[in-house]
Amino acid sequence: MAVVLNNDGYKVNRKKIQRFMKLLGLEAIYQKPNLSRLIKAHKKYPYLLRDMDINKVNQVWATDITYVKCNQGKLYLTAVMDWHSRYILSWKLSNTMDTDFCLDSLNEALEINKPLIFKTDQGSQYTSDDFTSRLIEQNIQISMDGKGCYIDNILIERFWRSIKYEDLFIKDYVNVQELRNGIRAYINFYNFERPHESLGYKTPAEIYYDQNKLQLNKNELAYI
């Protein structure tokens, strides 16, 4: 930005631009730091998906946390995704990065179905006894990414990029309720209307419902 302004005849340096941007609340759109926090005392589980052919729904689910913001401050968004169909089974918004909202999202997803394998990173929310014991009692295998291996969770990372670049970064949500409504509307759009090239230009809902032999009804979205 400093280079562009200097080329236009405004004699400013990088520090001045940074100061002005901070005063105006402006920032570049870029990937924020990893939110996962490791706790060494928590048990870590091996990565189970290497060379696995994931070709059906409810074979693997994945979850993650990302940072979002509105005018009232920063919040955290978590979601559970079916790996094969890219279908978002559940999501929760929280102002703290505790285990509870991640567990709430997991429990909501389990009301729909359950996977053979559940994949997470090694964040403290997912390695906690409360979270892992819920999976174990459902006889769900646990797969955890290696430290810093964001590529192992690439599909849900792509979803975070989609919701941010197509909605959150371009809309000025005033408060938490408005943000929550916006996220709900986007996830409904993503699940039921947004076709994916990798899915043969079908929507995640079409793939998920078809393989579960469920009737697709776009009006029945209460669980989202």
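Residues numbered from 1 in each chain as written. Predicted model: local features only at pLDDT ≥ 70, side-chain atom pairs only at ≥ 80, totals over all residues. Heavy atoms only, no water.

Caption draft 1: Highlighting the overall build of the protein chain. Assigned secondary structure in the protein chain consists of eight helices and five strands. Order of helices (α) and strands (β) in the protein chain, N terminus to C terminus: α-α-β-β-β-α-β-α-α-β-α-α-α. Counting across all 224 residues of the protein chain, residues that qualify as buried make up 45%. Across the protein chain, every contact between residues at least 6 apart in sequence was considered, and the portion connecting residues at least 24 apart equals 62%. (Helix = DSSP H or I, 4+ residues; strand = E, 2+ residues; numbered from the N terminus. Buried < 20%, exposed > 50% of the residue type's maximum accessible area, 1.4 Å probe, protein only. Contact = heavy atoms within 4.5 Å.)

Caption draft 2: Summary view of the packing of helix H7 (residues 176–192) against helix H8 (residues 204–211). Axis separation between H7 and H8 bottoms out at 5 Å; the angle between their running directions is 65 degrees. Taking contact as the criterion, the partners of Tyr190, Asn191 and Phe192 in H7 are, on H8, Pro204, Ala205 and Tyr209. By residue class, the composition of the contact of H7 with H8 is five nonpolar, one polar and no charged. (Axes fitted to C-alpha atoms, helices over the stretch in contact; angles between N-to-C directions. Nonpolar A, V, L, I, M, F, W, Y, C, P; charged D, E, K, R; others polar.)

Caption draft 3: Region of the structure containing the packing of aromatic side chains. Taken as a whole, this structure holds 11 aromatic pairs when the rule is applied. For the ring pair Tyr87 and Phe192, a centre distance of 6.3 Å and an interplane angle of 80 degrees mean the geometry is edge-to-face. With Tyr87 in the loop between strand S2 (73–82) and strand S3 (88–94) and Phe192 in helix H7, the pair connects residues that are 105 residues apart, well separated along the chain. On the accessibility criterion, Tyr87 (1% relative accessible area) is buried. Pairwise contacts between aromatic rings join Phe159, Trp160, Tyr186, Phe189 and Tyr190 into one cluster. Geometry around Tyr165 places Arg161 over its ring, the cationic atom sitting 4.5 Å from the centre. (Phe/Tyr/Trp six-rings, centres within 6.5 Å; stacked < 30°, edge-to-face > 60°. Lys NZ or Arg CZ within 6 Å of the ring centre and 35° of its normal.)

Caption draft 4: Structural view of a negative patch on the surface. On the surface, Asp100, Asp104, Asp129 and Asp130 cluster together into a negatively charged patch. Mapped by element, the contributors of at least two residues to the negative patch are helix H3 (99–110) and helix H5 (129–137). Among the structural elements, Asp104 can be located in helix H3. (Patch = residues over 30% accessible without salt bridge, like charges linked within 9 Å, V, L, I, M, F, W, Y side chains within 5 Å. Areas by Shrake-Rupley, 256 points an atom, 1.4 Å probe, with all protein chains shown as cover. Salt bridge = Lys/Arg side-chain N within 4 Å of Asp/Glu carboxyl O. Lys, Arg positive; Asp, Glu negative; His and termini not counted. Charge placed at Lys NZ, Arg CZ, Asp CG, Glu CD.)

Caption draft 5: Fine view of a nonpolar patch on the surface. A surface patch of nonpolar side chains, about 290 Å² in accessible area, is lined by Tyr165, Phe169 and Ile170. Position of Tyr165 among the secondary structure elements: in helix H6 (residues 154–166).

Caption draft 6: Quick peek at H7. In a regular helix each residue adds 1.5 Å, so 17 residues correspond to 24 Å; H7 covers 24 Å between its end C-alpha atoms and thus fits that length. Buried within H7 we find Leu179, Gly182, Ile183, Tyr186, Ile187, Asn188, Tyr190, Asn191 and Phe192. Looking at the buried positions of H7, the neighbouring elements they touch are strand S1 (60–70), S2, S3, H6 and H8. Near the N-terminus of H7, the side chain that reaches the backbone nitrogen of Gln177, with its oxygen 3.3 Å away, is that of Asn175. (Expected span 1.5 Å × (residues − 1). Polar contact = N/O pair within 3.5 Å; in protein donor to acceptor, adjacent residues only side chain to side chain.)

Caption draft 7: Inspection of the packing of H3 against H5 at higher detail. The geometry of H3 relative to H5 is characterised by a closest axis approach of 10 Å and an angle of 15 degrees between their N-to-C directions. Regarding the angle of H3 to H5, the classification is roughly parallel. As for the relative orientation of H3 and H5, their crossing is left-handed in sense. Here Thr99, Cys102, Leu103, Leu106, Asn107 and Leu110 of H3 come into contact with H5, specifically with Asp130, Phe131, Arg134 and Leu135. Counted by class, the contact of H3 with H5 contains six nonpolar, two polar and two charged residues. (Parallel < 35°, antiparallel > 145°, perpendicular 65-115°, else oblique. Left-handed = near helix turned anticlockwise from the far one by under 90°.)

Caption draft 8: The arrangement of the nonpolar core in detail. Judged by nonpolar contacts, the single largest core of 28 residues is most densely connected at Trp61, Phe118 and Phe131. Every element with two or more residues in this core is listed here: S1, S2, H3, H5, strand S5 (141–144) and H8. Apart from the residues within four sequence positions on either side, Phe131 is in contact with Thr99, Cys102, Leu103, Leu106, Phe118, Thr120, Gln125 and Tyr126. Ile54, Val68, Tyr173 and Ile187 belong to the second-largest nonpolar core, a separate cluster that totals 27 residues. (Core = buried A, V, L, I, M, F, W, Y, C linked by side-chain atoms within 4.5 Å.)

Caption draft 9: Examining H8 more closely. Taken together, the buried positions of H8 are Pro204, Ala205, Ile207, Tyr208 and Tyr209. In this structure, the buried residues of H8 make contact with S1, S2, S3 and H7.

Caption draft 10: Expanded view of the confidence of the model for the protein chain. Of all residues in the protein chain, 80% attain a pLDDT of 70 or more, and the chain-wide mean is 84. Here helix H1 (residues 2–7) stands out as the element of the protein chain with the lowest mean pLDDT, 68, in contrast to S3, whose mean of 97 is the highest. Within the model, pLDDT remains below 50 along residues 30–34, and this stretch shows four contacts once partners closer than five positions in the same chain are excluded. (pLDDT = per-residue confidence, 0-100.)

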